[in-house]
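# Fold and geometry: a report
Here is what each chain is made of, one letter per residue.
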Amino acid sequence: MIVQNVALQRGLLAGESKCRSTLARPALRVAEEHRRPLLVVLTLFASAVIANAAEPPLARTVGFYHWGGQYPTSVSQGVEQIAALGGKLARITLSPRYYVDYNLGGGCYPNFSLSAIVQEPDVKKALDNEQIEVFMLTAYDGLTFGDCIRHRHLEPAFYTPSNIAAIVKEYSDLTLYLYETYRHTHKRFIVSNWESDNEVYCGAAYAYAMDPAFRVACNARYQSAYEGNRSPDDSIRGLILWFQSRQQGIEEGRNRALNRGIGGKRVYLAPEFCVVRALRDAGFKSVLYDVLPFVIFDYVSYSSYESINQAEPEKALLADLNTIQDVVGSSAIILGEVGFARSAWTTEGAVVRTDRVINAAVSWGVSYVFQWNMYDQNAMDDFGICDVAGQPTALAEYYKQRLKVTNATAYPVVPK
């Protein structure tokens, strides 16, 4: 599936081609934008001290996504920044695009496998960070994405017995390695992926549902772009097979660890989707309704822009979380991405809306929340905790204060 290579070039999709609505608050005057952020942060922090004094520490629920960005040159650099901020949860990406994604050069990682990339010195340094207790891994295996071009996991015809066995083995080997390497720690690892609805619908599921012109263009090139898949329905079937194979591999890896005297649960599966309403309301299949009911998972991950970009983000998010719980039959829900671009919402607006969303998510009882992103991708794709020069933004100060509200030691939340 050639067109979907764009999906892992994360910076290209962090703007309007993500699962995001086009709602954006009009910009405030520039003078206001630069004068008020610190006051806003301090005000929100004071409110948090009062409201959350008896609550568990935010650091056990809210973490940070580190996927590239313009400034960093490694995975470990971003994870160290998360730890310095007071974070205990980190989300990183593991794929054959490792060199490109983390500004380490060009080209595709040779002979890629997930068990090999986690032993890459830079990645292992990140995973070894003692402060990080939970890693969410946006993981793509070498068999289905080894050439950094085609996402063969969406092709039903690819799932021959030998290919299924190879996929299962790759996730089994990864799971066993994580169990063995981190058996004497409290670390947990959640295997996920990037916004499956977007992967199925030409990189922009929300646009497919809402924009007839985009939908016509996507359908017209679908078969050539998706390696012979005739329509999104074929890709939905392939996605089910991929999730099932990943789950089988993780379960096999757990059993291999158990046979070596390493019990408990350390590695989990969390398929990610990014549309709750738009696709179904328009009469199209979606991952929430047409994939997740057919796979076994520990958590589900919702990249939540369809909800949080509404005029009333708390109301929309709470309603959508209830819908997700009803559909999947579980409250083990992760918000795999939340975030607001400063160029769209202003610096002040991004902090205020982040605070509203975080408070709503925590009050509902989500398992985890991951803030997109540690570093700005560019001057316009500016969701970052740090800007393109690596300097902290107002959002960094907000989290630095919020994560200090309660600083007790806490261990990871297991699925409910």
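Located above this text is the structure these notes cover.
Notes on the structure follow. From a predicted model like this one, the values you see are computed outputs, not experimental measurements.

## Some points on helix α14 (residues 232-259)
Quick reminder: α-helices carry 3.6 residues per turn. Residues three or four places apart thus point the same way. Taking 1.5 Å as the rise per residue, α14 with 28 residues should run 40 Å; its terminal C-alpha atoms sit 41 Å apart, in good agreement. Following α14 by one or two positions, Gly261 has its phi on the positive side, about 85°.

## Structural notes on the sheet that holds strand β5 (residues 267-269)
Sheet architecture is open: nine strands sit in the order β5-β4-β3-β2-β1-β9-β8-β7-β6, paired in parallel fashion. Across the chains shown, the open sheet's two edge strands, defined by having one partner strand only, are β5 and β6 (272-273). Its contacts with the sheet place helix α5 (residues 75-85) against β1 (62-66), β2 (89-94) and β3 (134-139), and it is angled at close to 155° to β1.

## With respect to the packing of aromatic side chains
Taken as a whole and assessed by the stated rule, the structure comprises 25 aromatic pairs. Grouping aromatic residues by their ring pairs yields a cluster made of Tyr98, Tyr99, Tyr102, Tyr109 and Phe112. When the ring centre of Tyr208 is taken as reference, the NZ or CZ atom of Arg215 above it lies at 6.0 Å. The side chain of Arg280 reaches across the aromatic face of Tyr289, ending 3.9 Å from its centre.

## Observations concerning the packing of helix α10 (residues 161-181) against α14
In a packed pair of helices, the relevant descriptors are the angle between the two axes and the axis-to-axis distance. Running from amino to carboxyl end, α10 crosses α14 at an angle of 45°, the nearest separation of the two axes being 7 Å. Between α10 and α14, the crossing angle belongs to the class labelled oblique. Considering how the two elements wind past one another, α10 and α14 form a crossing that is right-handed. Within the contact between the two elements, α10 uses Ile164, Ile167, Val168, Tyr171, Ser172, Asp173, Thr175, Leu176 and Tyr179 and α14 uses Trp242, Ser245, Arg246, Gln248, Gly249, Ile250, Glu252, Gly253, Arg254, Arg256 and Ala257. A per-class count over the contact of α10 with α14 returns nine nonpolar, six polar and five charged.

## Quick word on the packing of helix α20 (residues 347-364) against helix α21 (residues 394-402)
Relative to each other, α20 and α21 sit at 35°, their axes nearing to 9 Å. As α20 packs across α21, the resulting crossing turns out to be right-handed. Within the contact between the two elements, α20 uses Thr347, Val351, Thr354, Asp355, Ile358 and Asn359 and α21 uses Ala394, Leu395, Tyr398, Tyr399 and Arg402. Tallied by class, residues from the contact of α20 with α21 come to six nonpolar, three polar and two charged.

## A word on the state of the cysteines
Throughout the structure, instances matching the rule amount to two disulfides. The side chain of Cys108 participates in a disulfide bridge whose partner is Cys148; the two sulfur atoms lie 1.9 Å from each other. Measuring handedness by torsion sign, the sulfur bridge of Cys108 and Cys148 sits at about 90° and is right-handed. You can see Cys108 sitting in the loop between α6 (98-101) and α7 (114-117) and its partner Cys148 sitting in the loop between α9 (142-145) and α10, a full 40 residues away along the chain. The class of Cys108 is partly exposed, set by a relative accessible area of 29%. Take Cys148: its relative accessible area is 9%, and that puts it in the buried class. Through a disulfide, Cys202 is tied to Cys218; the S-S separation comes to 1.9 Å. Between Cys202 and Cys218, the disulfide has an S-S torsion of 80° and is therefore right-handed. You can see Cys202 sitting in the loop between α11 (196-200) and α12 (205-210) and its partner Cys218 sitting in helix α13 (residues 212-225), a full 16 residues away along the chain.

What counts and how
- Residues numbered from 1 in each chain as written.
- Predicted model: local features only at pLDDT ≥ 70, side-chain atom pairs only at ≥ 80, totals over all residues.
- Heavy atoms only, no water.
- Helix = DSSP H or I, 4+ residues; strand = E, 2+ residues; numbered from the N terminus.
- Expected span 1.5 Å × (residues − 1).
- Pairing = 2+ DSSP bridges.
- Contact = heavy atoms within 4.5 Å.
- Axes fitted to C-alpha atoms, helices over the stretch in contact; angles between N-to-C directions.
- Phe/Tyr/Trp six-rings, centres within 6.5 Å; stacked < 30°, edge-to-face > 60°.
- Lys NZ or Arg CZ within 6 Å of the ring centre and 35° of its normal.
- Parallel < 35°, antiparallel > 145°, perpendicular 65-115°, else oblique.
- Left-handed = near helix turned anticlockwise from the far one by under 90°.
- Nonpolar A, V, L, I, M, F, W, Y, C, P; charged D, E, K, R; others polar.
- Disulfide = S-S within 2.5 Å.
- Buried < 20%, exposed > 50% of the residue type's maximum accessible area, 1.4 Å probe, protein only.

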